[in-house]
2 protein chains.
Amino acid sequence: MKEIQGGVTAPKGFQAASCAAGIKYKERQDMALIYSEIPCRSAGTFTTNLVKAAPVKWDQNQVSSGHEAQAIVVNAGIANACTGAEGMEYCRQTALAAGEALKIPAESVLVASTGVIGMQLPIDRIAAGVKKMASSLSSSLEAGEAASKAIMTTDTKNKQIAVEFEIGGKTVTIGGMCKGSGMIHPNMCTMLSFVTTDAAISKELLMEALKEDVKDTYNMISVDGDTSTNDTVLLFANGMAGNREIREKNEDYNQFVKALNQVNETLAKKMAGDGEGCTALFEVKILGAEHKEQAITLAKSVITSNLTKAAIFGHDANWGRILCAMGYSGAEFDPEKVDLYFESAKGKLQIIENGVAVDYSEEEATKILSCPEVTAIADIKMGTASATAWGCDLTFDYVKINADYRS
Amino acid sequence: MKEIQGGVTAPKGFQAASCAAGIKYKERQDMALIYSEIPCRSAGTFTTNLVKAAPVKWDQNQVSSGHEAQAIVVNAGIANACTGAEGMEYCRQTALAAGEALKIPAESVLVASTGVIGMQLPIDRIAAGVKKMASSLSSSLEAGEAASKAIMTTDTKNKQIAVEFEIGGKTVTIGGMCKGSGMIHPNMCTMLSFVTTDAAISKELLMEALKEDVKDTYNMISVDGDTSTNDTVLLFANGMAGNREIREKNEDYNQFVKALNQVNETLAKKMAGDGEGCTALFEVKILGAEHKEQAITLAKSVITSNLTKAAIFGHDANWGRILCAMGYSGAEFDPEKVDLYFESAKGKLQIIENGVAVDYSEEEATKILSCPEVTAIADIKMGTASATAWGCDLTFDYVKINADYRS
């Protein structure tokens, strides 16, 4: 498996476009279109928030309908959430506009929105944007990159990745792009992630591969503990790699799953590392768990602890907050058996052994915690299961961004 | 029922003292002693965190043992949590020192600590402090006030209250003091709260009254979603009011419960309103719930939402975040039936009706949200149950305080 340049346009047959539709942001692109030259099998995972944005409902329906999919229209600035029947109607009108411009059925168009909750989309500008993008589609890496920038909200960096691998002598490619960076606590975050592949794979296995992988990737990140109304991951497979179709869980499937995991994990980590206002990616590994669910619960409790996140911002080895967050997670373990380490590019240091502090150097710990990527490793010594979660520090800028997001 | 001056020394027979033991803070008092002239019935509720501080274990044992209780020794600066067998031994030594100085059994001494996790107590200074305080006990309101100041950590205000009411012609008093203000998400928060009363009441009813009331008061506040290792509420009743003993759930009991609720709710709100770095007390009322558990889940989800809290700091009527937090709470409701209002001393304003925004004035909303006490009221129109939770805004100062709490 090899990481290659590009994002959603890296797999064969995928094109992208973007434009400045003037939805909310000024002087930047705020709409993107992803298009496959031929119809695709689609899979999707969506927010578990009871308050679901209109585009989430639209896509859930599309993905489960069995219809093939061929395009995704995305806008940044307005979330189209809490918008009632009017919001649903705008999803339909967006799909109709795209269907007409691309000469494909409206049922094969998916939509996604991110931004402020509660405002209605300016549908005329959306429709005009769709038309403009349909006439400027390109399979270039630049077009993919521009699309990944157009969907940003408070993100500071665009986020994409592509990998390639072989199935029976045929090169298969998976590419993806996503945006963070607030209201991120996916179960599914507004996290929008779009993954394309030219792999030939059955709809059932495509859906299963995505569903399983999301548990270890997007669902293991958190910026602020707020699960968005709009979280969406869409995976399109158009089969143009020409590989023998993956119809069962054989070695080909395993290869595909491994590549998909690399794409999803990379995108998920990019989102956590670009969390609103953050200065560091904070990784938490739980080792020695009895079972995976326990490890997941512990890891997620630590990355969502405001006190721990503030300590990471302060480069403070305040390990008591980590143990505290593990303790209130709801998972069972023996606090007096826990070993804890901090690790980064600057080294690895044991902080506690069997629940109490070892004689470590605070200076050394601060050095390790001053890196842009910091890991806490807790071994609970009960078994062999493990889990990794990714978050970020809690900073002044997080507060600044969210105290006046709407203005 | 009448609110009166004072705190823990307001009920008959209770005394308090405080001193500067030099545990961590410089140039301020950091230990307090509460003492009853005669043995008391005690009740307590404690953190549900699996990682329990040594004093929590000590007190749980004391309260459930059936021993009468007569004194509480409290220190600020070091939490005595994650301190292993050595930490437990220091609880015992503290109780022994107090027992000796006060000429009471060590089993009747309770202990409480708040501060940094993982450091050991300087037991010599603790023991010296206990001795000093035992010789300076006083039933004056000033002594109670000084004690409420000595237990503060990042609190900006001391917190106390006392109320009096009558049972069969006898005046009964309940007084209390507590400290917040970070790692506050009680289930039980480090929240320490000490309530004294001269009521004569059976141990069973004392425990039940506290256990029930905690659900509506301390367990309904959150500063940061982090449930501390040290949360403790202790309630001492010495019977010196001379009322006919409360032995059953009659009108006397109802009177007592009502007064206890006023003390606990006031202390809980004071903690939320003095949350680390906060500029506003944020109250969330859920109305029209099918059952109370649902209302509690919804109210707590909103007060713990970082995004909502940051919006309150920004005086931004970002109602979508409130609906979002309700949606991911896990409680069932119909988002398209929700009515939402903001209320404060500056007025009351409807923001959404049946899940979508009404045509409200942003200017008016900002005015309402600029008060030091702000309420969001959500009516989910399913039934008649309700719940109220209290939190605070998320500010730059919260981050500042917690990025360098240990230094």
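A brief look at the structure comes next. (Residues numbered from 1 in each chain as written. Chains lettered and ligands numbered in written order. Predicted model: local features only at pLDDT ≥ 70, side-chain atom pairs only at ≥ 80, totals over all residues. Heavy atoms only, no water.)

### So, the overall build of chain A
Note the threshold: The numbering of helices and of strands both runs from the N terminus, where a helix is a DSSP run of H or I of at least 4 residues and a strand a run of E of at least 2. Our radius of gyration is a C-alpha quantity, and the globule rule it is checked against amounts to 2.2 Å times the number of residues to the power 0.38. Remark: exposure states derive from per-residue accessible area (1.4 Å probe, protein chains only) relative to the maximum for the residue type, with buried under 20%, exposed over 50%, and partly exposed in between. To be clear on the numbers: accessible area is Shrake-Rupley with a 1.4 Å probe, and residue cover counts the displayed protein chains and nothing else.
In terms of helices and strands, chain A carries eleven helices and 15 strands. Here the C-alpha atoms of chain A give a radius of gyration of 21 Å, agreeing with the 22 Å that 2.2 N^0.38 yields for 407 residues. Reported as C-alpha extents along the three principal axes, the dimensions of chain A are approximately 70 × 55 × 35 Å. A burial count over chain A gives 62% of its 407 residues as buried. Put simply, chain A shows about 14,100 Å² of open surface, and 48% of that area lies on carbon and sulfur atoms.

### Remarks on the relation of the copies chain B and chain A
Note the following rule: C-alpha atoms of residues with pLDDT of at least 70 in both copies form the basis for the least-squares superposition of the copies.
Of the two same-sequence chains, chain B is brought onto chain A (RMSD 0.0 Å, axial shift 0.0 Å) by a rotation of 180°. Both copies of the chain, as the preceding transformation shows, are related through a two-fold rotation axis. Closest approach to the rotation axis among the C-alpha atoms of chain B is made by Phe396 of chain B, whose C-alpha sits 2.6 Å away.

### Brief notes about helix 8 (residues 306-313) of chain A
Residues and elements named next belong to chain A. With eight of eight residues buried, helix 8 lies mostly within the body of the structure. What helix 8 keeps buried is the set Asn306, Leu307, Thr308, Lys309, Ala310, Ala311, Ile312 and Phe313. Two residues or fewer past helix 8, His315 is found with a positive phi of approximately 55°.

### With respect to the side chain of Thr217 of chain B
All names here are of chain B. Rule in force here: Whenever a nitrogen or oxygen atom comes within 3.5 Å of another N or O atom, the pair is scored as a polar contact, on the condition that within protein one atom can donate a hydrogen and the other can accept it, and that pairs from neighbouring residues in sequence are kept only if both atoms are in side chains. The contact criterion used is simple: two residues touch if any of their non-hydrogen atoms lie within 4.5 Å.
Mapped onto the fold, Thr217 is located in the loop between helix 5 (203-216) and strand 9 (232-237). One polar contact links the side chain of Thr217 to the main-chain carbonyl oxygen of Asp213, over a distance of 2.8 Å. Among all residues touching Thr217, those that are not within four sequence positions of it are Asn261, Asn264, Glu265, Ala268 and Trp390.

### Focus: helix 3 (residues 123-134) of chain A
For an α-helix, the turn length of 3.6 residues means that residues three or four places apart are oriented alike. Heads up, the condition is: Multiplying 1.5 Å by the helix residue count minus one yields the expected span of that helix.
If you check helix 3 of chain A, its first and last C-alpha atoms are 16 Å apart, about what twelve residues at 1.5 Å a residue would give, namely 16 Å. Where helix 3 of chain A is buried, its residues touch strand 2 (14-19), strand 3 (31-46), strand 4 (69-78) and helix 2 (84-102) of chain A.

### Remarks on the pairing of strand 15 (residues 385-392) of chain B
All names here are of chain B. Note the cut-off: Note on pairing: DSSP must find at least two bridges between two strands before they are called paired.
Burial within strand 15 is extensive, with six of its eight residues counted as buried. Taken together, the seven bridges between strand 10 (residues 281-289) and strand 15 define a ladder with antiparallel strand orientation. Paired with Ile286 across the two strands is Ala387, which belongs to strand 15.

### A short note on the sheet that holds strand 15 of chain B
Residue and element names in this part refer to chain B. Taken together, the six strands give an open sheet; going across it, the order is 13-12-11-14-10-15, and neighbouring strands pair in mixed fashion. The open sheet terminates on both sides in strands that have one partner only, identified here as strand 13 (356-357) and strand 15. Relative to strand 13, strand 12 (residues 347-353) runs antiparallel, the two being bridged by two bridges. The residue of strand 13 that forms the bridge with Glu353 is Val356.

### Quick look at the interface of chain B and chain A
This is how the line gets drawn: Once two parts are put together, the accessible area they lose, assessed with a 1.4 Å probe and summed over both, is termed the buried area. Take a side-chain nitrogen of Lys or Arg and a carboxyl oxygen of Asp or Glu: if they are within 4 Å of each other, that pair is a salt bridge. Just so you know the grouping, Ala, Val, Leu, Ile, Met, Phe, Trp, Tyr, Cys and Pro go in nonpolar, Asp, Glu, Lys and Arg go in charged, and all remaining residues, Gly too, go in polar.
In this assembly, 53 residues from chain B lie in contact with 53 residues from chain A. Roughly 4,300 Å² of surface becomes buried between chain B and chain A when both sides are summed, with 61% attributable to carbon and sulfur atoms. For the pair chain B and chain A, the number of links is two salt bridges. Among the salt bridges present, the one from Lys57 of chain A reaches Glu336 of chain B, with a minimum N-O distance of 3.7 Å. Seen at the junction of chain B and chain A, the total is seven residue pairs in polar contact (both at pLDDT 80 or more). Going through the elements one at a time, helix 8 (306-313), helix 9 (319-327) and helix 11 (396-403) of chain B are the ones with two or more residues in the side of chain B that touches chain A. Here the side of chain B that touches chain A is composed, by residue class, of 25 nonpolar, 17 polar and eleven charged.

### Description of the pattern of salt bridges
Tallied over the full model, the rule gives 28 salt bridges over all chains. Linking Asp216 of chain B and Lys292 of chain B is a salt bridge whose minimum nitrogen-to-oxygen distance equals 2.7 Å. You can see Asp216 of chain B sitting in helix 5 and its partner Lys292 of chain B sitting in helix 7 (residues 292-303), a full 76 residues away along the chain. Residue Asp216 of chain B is classed as partly exposed on the basis of its relative accessible area of 31%. Across the salt bridge formed by Asp252 of chain B and Arg244 of chain B, the nearest N and O atoms sit 2.6 Å from each other. Three or more residues joined by partner-sharing salt bridges are found here, namely Arg41, Glu245 and Arg247 of chain A.

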